[in-house]
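Read off the chains here:
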Amino acid sequence: MAKENPQKKPGWKSLPQGDLIIGGATAKDFKTGDWRSKRPVFISEKCINCLTCWMYCPDSAVIVKDGKVVGFDYEYCKGCGICEHECPVKGKAIKMISEKEAKANEKK
Amino acid sequence: MVKTNTVARTGNEAMAEAMRQIDPDVVAAYPITPATEVVQIFAGYVADGLVRTEFVPVESEHSAMSACIGAAAAGGRVMTGTSSQGLALMAEMLYIAAGLRLPIVLADVNRALSSPINIHCDHSDTMMVRDAGWVQIFSENAQEAYDNMVQAVKIAETAKLPVIVTTDGFIISHGMERIDMLDDAEVKKFIGEYKPEYYLLNIEKPVTVGALDLTDYYFEHKRQEIEAMCQSKPVIVDVGASFGKLSGRSYGLFEKYKMDDAEYAIVAMGSTAGTSKIVIDKLRAKAVKAGLLKPRVFRPFPKEEIADALKGVKALAVMDRSDSMNGHEGPLCLEIKAALFDKALNKVLLNYIYGLGGREIGLNDIENIFGDLAKAAKGTGMEKVNYLGVRE
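Calculation rules
Residues numbered from 1 in each chain as written. Chains lettered and ligands numbered in written order. Predicted model: local features only at pLDDT ≥ 70, side-chain atom pairs only at ≥ 80, totals over all residues. Helix = DSSP H or I, 4+ residues; strand = E, 2+ residues; numbered from the N terminus. Rg over C-alpha atoms; globule rule 2.2 N^0.38 Å. Buried ≥ 20, exposed ≤ 12 C-beta atoms within 10 Å, placed from the backbone. Contact = placed C-beta atoms within 7 Å. Core = buried A, V, L, I, M, F, W, Y, C linked by C-beta atoms within 7 Å. Domains from an automatic or database assignment. Pairing = 2+ DSSP bridges. Axes fitted to C-alpha atoms, helices over the stretch in contact; angles between N-to-C directions. Parallel < 35°, antiparallel > 145°, perpendicular 65-115°, else oblique. Left-handed = near helix turned anticlockwise from the far one by under 90°. Nonpolar A, V, L, I, M, F, W, Y, C, P; charged D, E, K, R; others polar. Right-handed = clockwise from strand over helix to strand, strands pointing away.

## Digging into the overall build of chain B
Item 1. Secondary structure summary: chain B contains twelve helices and 16 strands in total.
Item 2. Relative to the compact-globule value of 21 Å for 392 residues, chain B shows a C-alpha radius of gyration of 21 Å, a close match.
Item 3. Summarising its shape, the C-alpha atoms of chain B cover approximately 70 × 55 × 40 Å along the three principal directions.
Item 4. Counting every position in chain B, which comprises 392 residues, the buried fraction comes to 52%.
Item 5. Sequence-distant contacts in chain B: of pairs separated by 6 or more residues, those separated by 24 or more amount to 80%.

## Structural notes on the nonpolar core
Residues and elements named next belong to chain B.
Item 1. With 120 residues, the main nonpolar core has Cys68, Met149, Val163 and Ala265 as its most contacted residues.
Item 2. At ten residues, the largest contribution of residues to this core is made by helix H6 (residues 142-159).
Item 3. Counting residues domain by domain, this core receives three or more from each of domain 1 (4-247) and domain 2 (254-387).

## Digging into the sheet that holds strand S13 (residues 297-299) of chain B
Residue and element names in this part refer to chain B.
Item 1. Taken together, the seven strands give an open sheet; going across it, the order is S3-S2-S4-S5-S7-S6-S13, and neighbouring strands pair in mixed fashion. Unpaired on one side and paired on the other, strand S3 (54-57) and S13 mark the two borders of the sheet. Mean inter-strand twist for the sheet, computed between neighbouring axes without regard to direction, equals 20°.
Item 2. Sheet topology note: the strand S4 (residues 78-82)/strand S5 (residues 105-110) ladder contains four bridges and is parallel. The residue bridging Gly81 from the neighbouring strand is Ala107, located in S5.
Item 3. Against the sheet, helix H3 (residues 61-74) makes contact with strand S2 (26-29), S3 and S4, and its axis sits at roughly 165° relative to S4, the strand it touches most.
Item 4. The sheet strands contacting H6 are S5, strand S6 (135-138) and strand S7 (163-168), and the helix crosses S7 at an angle near 165°.

## Some points on the sheet that holds strand S11 (residues 264-267) of chain B
Residues and elements named next belong to chain B.
Item 1. Sheet architecture is open: six strands sit in the order S10-S12-S11-S14-S15-S16, paired in mixed fashion. The sheet terminates laterally at strand S10 (254-257) and strand S16 (385-387), the two strands that pair on one side only. Each neighbouring strand pair of the sheet contributes to a mean axis angle of 20°, computed without reference to strand direction.
Item 2. Examined bridge by bridge, S10 and strand S12 (residues 290-295) share four bridges and lie antiparallel to one another. When the bridges of S12 are listed, Glu255 appears paired with Lys294.
Item 3. Strand contacts of helix H11 (residues 331-342): S11, strand S14 (315-320) and strand S15 (348-353), with the helix running at about 145° to S14, the strand carrying the most contacts.
Item 4. Sheet strands in contact with helix H12 (residues 363-377) are S11, S12, S14 and S15, and its direction is about 150° off that of S15.

## What to know about the packing of helix H1 (residues 11-22) of chain B against H6(B)
Residues and elements named next belong to chain B.
Item 1. Axis separation between H1 and H6 bottoms out at 8 Å; the angle between their running directions is 30°. Comparing their axes, H6 and H1 come out roughly parallel. For H1 against H6, the interelement crossing comes out right-handed. In this structure, H1 contributes Gly11, Ala14, Met15, Glu17, Ala18, Met19 and Ile22 to the contact, and H6 contributes Ala142, Ala145, Tyr146, Met149, Val150 and Val153.
Item 2. Split into classes, the residues belonging to the contact of H1 with H6 amount to eleven nonpolar, one polar and one charged.

## A few points about unusual backbone geometry
Trans peptide bonds make up the majority, and among non-glycine residues the majority have a negative phi.
Item 1. Look at the link from B:Ser114 to B:Ser115: it is a cis peptide, with omega at 0°.
Item 2. Omega for the peptide link from B:Arg299 to B:Pro300 comes to -5°, which places this bond in the cis form.
Item 3. In this structure, A:Ser60 takes a positive phi of about 50° despite not being glycine.
Item 4. When you line up the elements, A:Ser60 lands in the loop between helix H1 (52-56) and strand S3 (62-65).

## Some thoughts on the interface of chain B and chain A
You'll often see interface size given as the accessible area lost when the parts meet.
Item 1. Tallying the contact residues gives 17 residues for chain B and 13 residues for chain A.
Item 2. Breaking the side of chain B that touches chain A down by element, the ones donating at least two residues are strand S9 (207-209) and helix H8 (218-247) of chain B.
Item 3. By residue number, the principal contributor to the side of chain B that touches chain A is H8(B), which donates four residues.
Item 4. By residue class, the composition of the side of chain B that touches chain A is six nonpolar, five polar and six charged.

## A word on the pairing of S11(B)
The side chains of a regular strand alternate, residue by residue, between the two faces of the sheet.
Residue and element names in this part refer to chain B.
Item 1. Residues Tyr264 and Ile266 point to one face of S11 and Ala265 and Val267 to the other, with burial holding for every one of them.
Item 2. As paired elements, S11 and S12 share four bridges and run parallel to each other. If you follow Val267 over to S12, its bridge partner there is Leu293.
Item 3. Following the backbone out of S11, through helix H9 (residues 271-285) and into the adjacent parallel S12, one traces a crossover that is right-handed.
Item 4. In the sheet, S11 pairs with S14 via four bridges, with the strands oriented parallel. Across the sheet, Ile266 pairs through a bridge with Ala317, a residue of S14.

Purely geometric numbers; function is a separate question.
Rendered as structure tokens:
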């Protein structure tokens, strides 16, 4: 028996055949940020704008405006921590904190 | 009907000739007895410039099917050939080819699976991959092997499913027969140009192939594949009919031989069907109402049509050239029983497991089976599953 479809995802009759995803740059539609258990926090006063984190980020989630780092795109950041690891600043301009801690901070 | 050329060819040569006429974009293959010649002869055509095919000599059958999948996803018309252990090594990739709905055509020369190691015919290899999502077409002789290869291309590309065409190892693959071939140009016209709707090399219409499908999409894609298998049935019938118009040799899902008034029927695939026809002619001369039902297409299994064709018989023998190792019947017998059950046909049915590892089956064996059927129909207690010609 066919199941109700409350999420409005396409059924087998309308999906493209053969596991194809039609069109380019579709990774954009897939928000990977909710996988994260830790998130990077940007400490702007320590940042020297070397853009090392921007180069290393595997998800292009470091936001840069006018040649300067301004923060992170949490819709795509998976929380891998490479940015913090690669940050050359003594004492680090990026700090990884747990999502639990981040959510507690948001409530304050 | 067009002019045909009568030639003497072995089953392997017939399949290679069909591949030459089809002239696929890519063939990736690894040699294995008794299918080696199919791709060996074809490699000769490549070397002689008779085809434009890119031939990829790979290091294993797993790689052969992987290369075929890549080439087909890129948009090519792709073929390969293998047998037995080679098909087993391909098994993982066969599921992927089918799931990605790539119309690859594979010539499989049926051979027993190890262990014990053996190079001769039985149907264990293709039966092992019967749930992989490939259309499976069995051939009775070299003529059918040739005809099926040509049709397989059209079936695969229309149904968007990969197709295996089989012959019986050595019996058909190495036996020389008189066959009628179509002209090269007629074959090319029949299969037409392959124009996939989406393919990786088309930068105008970018696609992702083989993306991860978790709990939310996998089932829907598999449901599509199941539907494609159901819908391939009319495709196979249409292609068989149009091939008939071209060549004078029509094909359906199965062949009925003297079945209209048959009381006793044999159900057999591959070369044993041919052997059965000779016995049936002999029995018919003695007024025994004997007939043959030869499933040509094992996947999809034409269950309603076959059940209807068996409706009138008093008793039938299902011939399995492999065993399911399920502790009871062979795979073809299970399919036939399921088909009969759904039409509420409770028939006297004997299963014969035969020919494993190339064990000979002769005219007298089949004649004895018809004798068994007559006894079974009269209510004589016969063994339900018989192992034909095995030493006790």
